[in-house]
Amino acid sequence: MGLRPGGRDPVAQMTCRSGKRVAYLYRVDLAVPKLPMTIAKEAAPDKAMAARQTCPRCRRRYFACLPLRTLGSCLECHDGTPAEPSSYIAPPAKQLVAA
Ligand SMILES: [Zn+2]
């Protein structure tokens, strides 16, 4: 089910007839999602996604893929349609310079 106990104790235990194998049962409503993929596993596909979601003109990264093939930028750069601020991540700040 894509869940893990999340530190909860089992609420029941099933033992097979030989008594050698035990299965612990947990409450589904208290379970939490399995841990996400490791950062490394996630990083590779993310690069490809980032390219399709980042506007080359304003460097904002949108949560949706951009029409880069047709417009070459996000809608706001293309025709001024303001982008919903919750639909993108602001571009990274200019590189910090040590004082
Ligand atoms: Zn843009």
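Residues numbered from 1 in each chain as written. Predicted model: local features only at pLDDT ≥ 70, side-chain atom pairs only at ≥ 80, totals over all residues. Heavy atoms only, no water.

1. Some remarks on the pairing of strand β3 (residues 22-25)
Side-chain positions along a regular strand alternate between the two faces of the sheet. Formally: Between any two strands, at least two bridges found by DSSP are needed for them to pair. For helices the rule is a DSSP run of H or I covering at least 4 residues; for strands it is a run of E covering at least 2, with both sets numbered from the N terminus onward.
Two strands pair when backbone bridges link them, and strand β2 (residues 12-15) and β3 are joined in this way by 4 bridges, in the antiparallel orientation. Bridge pairing in β3 places Met14 opposite Ala23. From the end of β2 to the start of β3, which pair antiparallel, there are 6 residues, and Gly19 there has a positive phi angle of about 80°.

2. Concerning the nonpolar core
Note the threshold: As used here, the term nonpolar core means buried Ala, Val, Leu, Ile, Met, Phe, Trp, Tyr and Cys residues forming a set that is joined through side-chain atoms within 4.5 Å. The cut-offs for exposure are 20% and 50% of the maximum accessible area for each residue type, with area from a 1.4 Å probe on protein chains only; residues under the lower value are buried, those over the upper are exposed, and the others partly exposed. The contact definition used throughout considers only heavy atoms, calling two residues in contact when any of these lie within 4.5 Å.
Cys55, Tyr62, Leu66, Cys74, Ala83 and Tyr88 form the largest nonpolar core, which has 6 residues in total. Leave out the neighbours within four places in its chain, and Cys74 touches Cys55, Cys58, Tyr62 and Leu66.

3. Observations concerning the side chain of Arg60
In plain terms, the rule: We define a polar contact as two N or O atoms separated by no more than 3.5 Å, with the added condition that, inside protein, one atom must be a possible hydrogen donor and the other a possible acceptor, whereas residues neighbouring each other in sequence contribute only through side-chain atom pairs.
Inspection of the secondary structure puts Arg60 in the loop between α1 (39-53) and β5 (61-62). Within the local environment of Arg60, its side chain forms a polar contact with the side chain of Glu76, the two groups lying 3.0 Å apart. If we skip the residues at most four places from it in the chain, Arg60 touches Gln53, Thr54, Cys55, Glu76, Ala83, Tyr88, Ile89 and Pro91.

4. Concerning the coordination of the zinc ion
Heads up, the condition is: Excluding water, the donors of a metal are its N, O and S neighbours within 2.8 Å, or within 3.2 Å for Na, K and Ca, and that exclusion means sites may look incomplete. Irregular is the label for any site that misses the other tests, which are tetrahedral for four donors with all angles between 85 and 135 degrees, and square planar for four donors or octahedral for six when opposite donors exceed 155 degrees and the remaining angles lie between 65 and 115.
For the zinc ion, the full set of protein donor atoms is Cys55 (SG), Cys58 (SG), Cys74 (SG) and Cys77 (SG), at a range of 2.3 Å. One way to put it: the 4 donor atoms around the zinc ion meet at angles of 103 to 113°, and that makes the site tetrahedral. Spacing between the donor residues of the zinc ion along their common chain follows C-x2-C-x15-C-x2-C. The exposure class assigned to Cys74 is buried, which follows from its relative accessible area of 0%.

Worth remembering: the numbers are spatial, not functional.
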